[in-house]
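Report on the structure
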Amino acid sequence: MSLKLFFTDYSEDDHIRSDEAKPANLAQIIECLKTRLKEEDNFVGLIDDNDVMLQFMVEEGGQLSVDVPINDRKGSFTKSADLKGCIEIVQSLGRSIAIDNIDGLEFKAWGR
């Protein structure tokens, strides 16, 4: 797995910006998900070697959102998940983030 990690944790006032994402192994990514995805608006993101981004965000009410932004299409492939589902997605990743390998994603245009 060759992924870089970034996150924002508003409750801890801690972050790694996406343009400064750090290489991380599976255990580090899972620990970050467990630690950071607790408070509303917090997020954890991954970037693969092809610059494909996968983000996990805490929405209003504590629901988690899985998001793969596609800038060229001005939208994201997205779905709701719980923490266990987010961890399962990360565990299923190979060397790259492939939309087709994440069940249940639906495309939504931005601003709609």
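Given the structure is predicted, the values throughout are model-derived calculations rather than measurements.

1. Things to note about unusual backbone geometry
Phi is positive for Asp-13, close to 50°, though the residue is something other than glycine. Despite not being glycine, Asp-41 shows a phi value in the positive range, around 80°. By the secondary structure assignment, Asp-41 is in the loop between helix H1 (26-36) and strand S4 (43-47).

2. A word on the packing of aromatic side chains
Following the criterion strictly, the structure yields 2 aromatic pairs and no others. On the basis of an interplanar angle of 65° and a centroid distance of 6.3 Å, the ring pair of Phe-6 and Phe-43 is categorised as edge-to-face. On the criterion of sequence distance, the pair formed by Phe-6 in strand S1 (residues 3-9) and Phe-43 in strand S4 is long-range, its members being 37 residues apart. Each member of the pair, Phe-6 as well as Phe-43, carries the same accessibility label: buried. Measuring from ring centre to ring centre gives 5.2 Å for Phe-77 and Phe-107, while their planes differ by 65°; the resulting arrangement is edge-to-face. Placement of Phe-77 in strand S7 (residues 75-81) and of Phe-107 in strand S8 (residues 106-109) is noted, with a sequence separation of 30 residues between them.

Rules used in this analysis
- By convention here, each chain's residues receive numbers from 1 onward along its written sequence.
- Local features in this predicted model are restricted to residues of pLDDT 70 or higher, and side-chain atom pairs are both shown and tallied only at a pLDDT of 80 or more, whereas totals for entire chains, interfaces and linings draw on every residue.
- Where side-chain values are given, they derive from all heavy atoms of the structure, hydrogens and water being excluded.
- Helix and strand labels come from DSSP, where a helix needs a run of H or I of at least four residues and a strand needs a run of E of at least two; each type is numbered from the N terminus.
- Pairing of aromatic side chains here covers Phe, Tyr and the six-membered ring of Trp, requires ring centres within 6.5 Å, and sorts the geometry by plane angle: under 30 degrees stacked, over 60 edge-to-face, intermediate tilted.
- Partly exposed describes any residue whose relative accessible area lies between the buried limit of under 20% and the exposed limit of over 50%, with all areas from a 1.4 Å probe on protein chains only and scaled to the type maximum.

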